[in-house]
Amino acid sequence: MNTPTGNSLSAAELTCGMILCLARQIPQAAASMKEGKWDRKKYMGMELNGKTLGVLGLGRIGREVATRMQAFGMKTIGYDPIITPETSAAFGVEQLPLEEIWPRCDFITVHTPLLASTMGTGQALAWGRANKHRAACRFAPKVRQAGCAPSLGP
């Protein structure tokens with residue numbers, strides 16, 4: 001059975017959930033609660049309204065993530081070597097060159113297929129350059145995720 005769009009919505013929803021967890025520090029707060037602690041001020045998190053989401057790969061999943069996060073008041077910018085800027089503008093994403101994405105976004109998510117034109121897209125961002133940025137990483141199968149780990153901290 002071939003179902004190319006079968007899990008697109010599920011993947012998009014999972015990514016949105018990961019972004020919410022990063023913004024609100026949900027896993028850390030839950031772990032603190034399990035340990036019998038609660039430091040409310042430590043887990044205030046941040047609002048997504050007014051923040052910028054960078055979406056690398058504006059196909060089915062990237063598009064769904066962008067439109068869902070716009071509902072939280074996020075500005076969405078993106079990069080895709082195949083989707084035209086006019087097409088992405090129709091669903092509210094401003095396309096920028098890859099090197100301009102990182103300095104402008106508060107969160108970034110990667111949804112790229114394994115193509116020659118997208119190989120190393122995550123690594124091209126120099127993930128550890130600025131620790132104020134956070135990342136929600138979601139890759140197509142067989143794409144190495146090691147480049148994401150340094151950016152997933154506070």
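The structure presented is a predicted model; accordingly, all values stated were derived computationally and were not measured.

A.B. asks: How should I be thinking about the pattern of salt bridges in this particular structure?
C.D. replies: Where side chains of opposite charge bring their charged atoms close, a pairing between them can arise. Counting across every chain of the model gives four salt bridges. Salt-bridge contacts for Lys37 lead to Glu35; the nearest nitrogen and oxygen are separated by 3.1 Å. Relative accessible area serves as the criterion here: at 53%, Glu35 is assigned to the exposed category. One salt bridge in this structure joins Lys75 and Glu94, with 3.2 Å as the shortest N-O distance. Separated by 19 residues along the polypeptide, Lys75 in strand β2 (residues 75-79) and Glu94 in strand β3 (residues 93-95) bring together distant segments of the chain. Note on Lys75: relative accessible area 37%, which makes it partly exposed. Glu94 sits in the partly exposed class, given a relative accessible area of 33%. Taken together, the shared-partner salt bridges connect Lys75, Glu94 and Arg104 into one network.

A.B. asks: Got a minute to help me understand the packing of helix α1 (residues 8-24) against helix α3 (residues 60-70) in this structure?
C.D. replies: Helices that pack against each other are described as a pair by the angle of their axes relative to one another and the distance between those axes. Look at α1 against α3: their axes get within 8 Å of each other, and the N-to-C directions meet at 45°. Considered as vectors, α1 and α3 are oriented oblique to each other. Where α1 crosses over α3, the handedness of that crossing is right-handed. For the pair formed by α1 and α3, the contact residues are Ser8, Leu9, Ala11, Ala12, Glu13, Thr15, Cys16 and Ile19 on the first element and Arg60, Ile61, Glu64, Val65, Arg68 and Met69 on the second. For the contact of α1 with α3, the per-class residue count stands at eight nonpolar, two polar and four charged.

The rules we used
- Residues numbered from 1 in each chain as written.
- Predicted model: local features only at pLDDT ≥ 70, side-chain atom pairs only at ≥ 80, totals over all residues.
- Heavy atoms only, no water.
- Salt bridge = Lys/Arg side-chain N within 4 Å of Asp/Glu carboxyl O.
- Buried < 20%, exposed > 50% of the residue type's maximum accessible area, 1.4 Å probe, protein only.
- Helix = DSSP H or I, 4+ residues; strand = E, 2+ residues; numbered from the N terminus.
- Axes fitted to C-alpha atoms, helices over the stretch in contact; angles between N-to-C directions.
- Parallel < 35°, antiparallel > 145°, perpendicular 65-115°, else oblique.
- Left-handed = near helix turned anticlockwise from the far one by under 90°.
- Contact = heavy atoms within 4.5 Å.
- Nonpolar A, V, L, I, M, F, W, Y, C, P; charged D, E, K, R; others polar.

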